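Notes for the structure review
Single-letter residue listing:
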Amino acid sequence: MLLREIAGNEDFKNSIAGMILRGRIPSAMMFSSTEGGGALAFAIATATLLLCQNKTANDACGICDNCKKAAHGVHPDIKFFFPSEAQPDSETEYNNENLAIFRAAISQNPYMSATDWKNYLLRELEAKNKQLLIYKSQITQIHREARLKPMLAPWNVIIIWLPELFHHAAIPKLLKILEEPPDDTLFILATEDQVNILPTILSRVQIFRVPPVNEVNLLEFLFNTLPEDKRDFKKLGEIVNICDGNVSMALRLIGEEETTVFFPLFQNWMRASYSFNVPEIFQVIQQLEKYPREQQKNFFLFSLHVFREACNRKKGHTHISKTQPHEAVWLKKFEPALDDSMLYSVRQRLEKALYYLERNAATRLVLLNLSLDIGKEFKEAARRLKTPV
Ligand SMILES: [Zn+2]
């Protein structure tokens, strides 16, 4: 991954490259972005730039031996540490299977979020739901790797992805190594949830906040990602609206064909849920069941987006509204039935439903339960808002 391959953020890229090229290299840095916003991509691109043997004015060359090895995720001087499932019996073992899965995942999508990774890893391992954390055994390994001399490059670069997910027992050893890193070792942390990182970690790293990718840059990035015959500006525009700077979600959605049909389906679903109309709920279910599972999940993501939009508009935040004109007309009628508390509950319910779909639960059952729950949420919101149902 090179800086120039990352979506948007030209000024930010230049400031990072300028810092490295001037030799002002912090021993521990941290990229901080929103979910799917590119912190990991920046960590990898910066590591590549650090190791490149033939740096250009604002990026790595992309063709030297170090760049090529970094691009394939196999450079011996770039080590990755990331959340994985607990392995109580392997205190000192580096888990090569997980590393291979991680490399495959980032080669497909360097913008992946913590949730994307969890789903990917558990699917590859055919494992049930487990908590993914960075455990004590990995920090032992980090200590060992940090003390090794670099093999090919001047630096030994340790990338720690999602430091917000350190197991509490691993923190003291992490702080120790960040405090006193060996001479030729650099740490690059990448987070998408900075508020959940302990201040004692934050105070030991230099933080670089990755600005959200703006809509024009994201549109341009997606446009260039696609083959010419798939470049549909209208559809890409809709995807950019939904994704709100989440590049990972955008990449997932461009692989799908039917985003534009979601709005009418959502309207029918809400009408049916609001009135507890079970035959109509079943019609929505039948329609949704015609789509492959990935598309069904995207429908839930789309629904989350519409709820968020409705709440923004209700609060008068029309300047941040990203709604298409035909959606806005309908949302005006939808908004009075919602409040913040309902948005929060519905969001949790939708995320739970997504989780069940990931685990291959029957769409029919998940959607029926969810519809009835949302119907109840409408009723409770009406009680709070004192509007007739
Ligand atoms: Zn190079």
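Computed from a prediction, not measured in an experiment: that's the story for all the values here.

Regarding the overall build of the chain
Broken down by element type, the chain carries 17 helices and five strands. In terms of overall size, the chain behaves like a compact globule, its C-alpha atoms giving a radius of gyration of 23 Å where 389 residues would be expected to give roughly 21 Å. Dimensions of the chain along its principal axes, counting C-alpha atoms only, are 70 × 45 × 35 Å. Looking at the chain as a whole, 37% of its 389 residues are labelled buried. Long-range contacts, defined here as pairs at least 24 residues apart, represent 74% of the contacts in the chain between residues at least 6 apart.

Thoughts on the nonpolar core
Among soluble globular proteins, nonpolar side chains are generally buried collectively. Formed by 75 residues in total, the largest nonpolar core has its most connected members in Ala43, Ala47, Ile159, Ile188 and Ala250. If you tally residues by element for this core, the top one is helix 2 (residues 39-51), at eleven residues. If sequence neighbours within four positions are ignored, Ala47 has contacts with Ala70, Ile78, Val157, Ile159 and Ile188. Residues Phe266, Met270, Val366 and Ala381 belong to the second largest nonpolar core, which totals 25 residues.

Digging into the pairing of strand 3 (residues 156-161)
Across the six residues of strand 3, six count as buried, placing the element largely inside the fold. The alternating pattern of strand 3 places Asn156, Ile158 and Ile160 on one face and Val157, Ile159 and Trp161 on the opposite face, and all of these are buried. Bridging between strand 2 (residues 78-81) and strand 3 involves four bridges; their strand directions are parallel. Bridge pairing links Phe80 to Ile159 in strand 3. The pairing of strand 3 with strand 4 (residues 185-191) spans six bridges and is parallel. By the bridge assignment, Ile158 is partnered in strand 4 with Phe187.

Some words on helix 11 (residues 247-254)
Summarising burial for helix 11: eight of the eight residues are buried, a large majority. Within helix 11, the full set of buried residues consists of Val247, Ser248, Met249, Ala250, Leu251, Arg252, Leu253 and Ile254. On its buried face, helix 11 sits against helix 5 (114-125), helix 9 (215-225), helix 10 (233-243) and helix 14 (293-314).

Quick word on the environment of Thr140
Here Thr140 shows up in helix 6 (residues 136-147). Each C-alpha atom, one on Thr140 and one on Lys173, is 7.8 Å from the other, the two residues being 33 residues apart in sequence.

A closer look at the domain arrangement of the chain
When cut into domains, the chain gives domain 1 (3-209) and domain 2 (256-385). Of note, the centres of domain 1 and domain 2, computed from C-alpha atoms alone, are 36 Å apart.

As for the packing of helix 12 (residues 262-274) against helix 14
In the contact formed by helix 12 and helix 14, the axes pass within 10 Å of each other and the chain directions differ by 75°. Looking at the two axes, helix 12 sits roughly perpendicular to helix 14. Where helix 12 approaches helix 14, its residues Phe262, Leu265 and Phe266 are matched on the opposing element by Phe299, Phe302, Ser303 and Val306. Tallied by class, the residues present in the contact of helix 12 with helix 14 amount to six nonpolar, one polar and no charged.

Here we look at the sheet that holds strand 2
Across the sheet, which stays open at both edges, the five strands sit in the order 2-3-4-1-5 with parallel pairing between neighbours. Because the sheet does not close on itself, it has two edges, and the strands there are strand 2 and strand 5 (206-209). The sheet shows a mean angle of 20° between the axes of neighbouring strands, taken without regard to direction. Seen against the sheet, helix 6 touches strand 2, strand 3 and strand 4 and runs at an angle of roughly 160° to strand 3.

Some points on the packing of helix 14 against helix 16 (residues 340-358)
For the pair helix 14 and helix 16, interaxial distance at closest approach is 10 Å and the crossing angle is 170°. Taken together, the axes of helix 14 and helix 16 lie roughly antiparallel to each other. Contacts between helix 14 and helix 16 involve Arg293, Gln296, Lys297, Phe300, Ser303, Leu304, Phe307 and Cys311 from the former and Asp340, Leu343, Val346, Arg347, Leu350, Ala353, Leu354 and Leu357 from the latter. Grouping the constituent residues of the contact of helix 14 with helix 16 by class yields ten nonpolar, two polar and four charged.

Considerations on the environment of Ala170
Inspection of the secondary structure puts Ala170 in the loop between strand 3 and helix 7 (171-179). Spatially, the C-alpha atoms of Ala170 and Ser137 are 8.1 Å apart, while their sequence positions differ by 33 residues. Each residue touching Ala170, except ones within four places of it in the same chain, is listed here: Ile134, Tyr135, Lys136, Gln138 and Ile139.

A closer look at unusual backbone geometry
A positive phi angle, close to 55°, is found at Asn9, a residue other than glycine. Position of Asn9 relative to the elements: it lies in the segment before helix 1 (10-21). What makes Asn9 buried here is the crowd of 22 C-beta atoms within 10 Å. The phi dihedral of Phe276 is positive, around 50°, even though this residue is not glycine. Relative to the elements of secondary structure, Phe276 occurs in the loop between helix 12 and helix 13 (278-289).

Re helix 17 (residues 363-385)
Between its first and last C-alpha, helix 17 extends 32 Å over 23 residues, near the 33 Å set by a 1.5 Å rise per residue. For helix 17, the set of buried residues is Thr363, Val366, Leu367, Leu370, Ser371, Ile374, Glu377, Phe378 and Ala381. Each element contacted by the buried residues of helix 17 is listed here: helix 12, helix 13, helix 14 and helix 16. Once helix 17 ends, the next one or two residues include Lys386, with phi positive near 55°.

Some remarks on the environment of Arg359
Mapped onto the fold, Arg359 is located in the loop between helix 16 and helix 17. Linking Arg359 and Glu280, residues 79 residues apart in sequence, is a C-alpha distance of 26 Å.

Calculation rules
- Residues numbered from 1 in each chain as written.
- Predicted model: local features only at pLDDT ≥ 70, side-chain atom pairs only at ≥ 80, totals over all residues.
- Helix = DSSP H or I, 4+ residues; strand = E, 2+ residues; numbered from the N terminus.
- Rg over C-alpha atoms; globule rule 2.2 N^0.38 Å.
- Buried ≥ 20, exposed ≤ 12 C-beta atoms within 10 Å, placed from the backbone.
- Contact = placed C-beta atoms within 7 Å.
- Core = buried A, V, L, I, M, F, W, Y, C linked by C-beta atoms within 7 Å.
- Pairing = 2+ DSSP bridges.
- Domains from an automatic or database assignment.
- Axes fitted to C-alpha atoms, helices over the stretch in contact; angles between N-to-C directions.
- Parallel < 35°, antiparallel > 145°, perpendicular 65-115°, else oblique.
- Nonpolar A, V, L, I, M, F, W, Y, C, P; charged D, E, K, R; others polar.
- Expected span 1.5 Å × (residues − 1).

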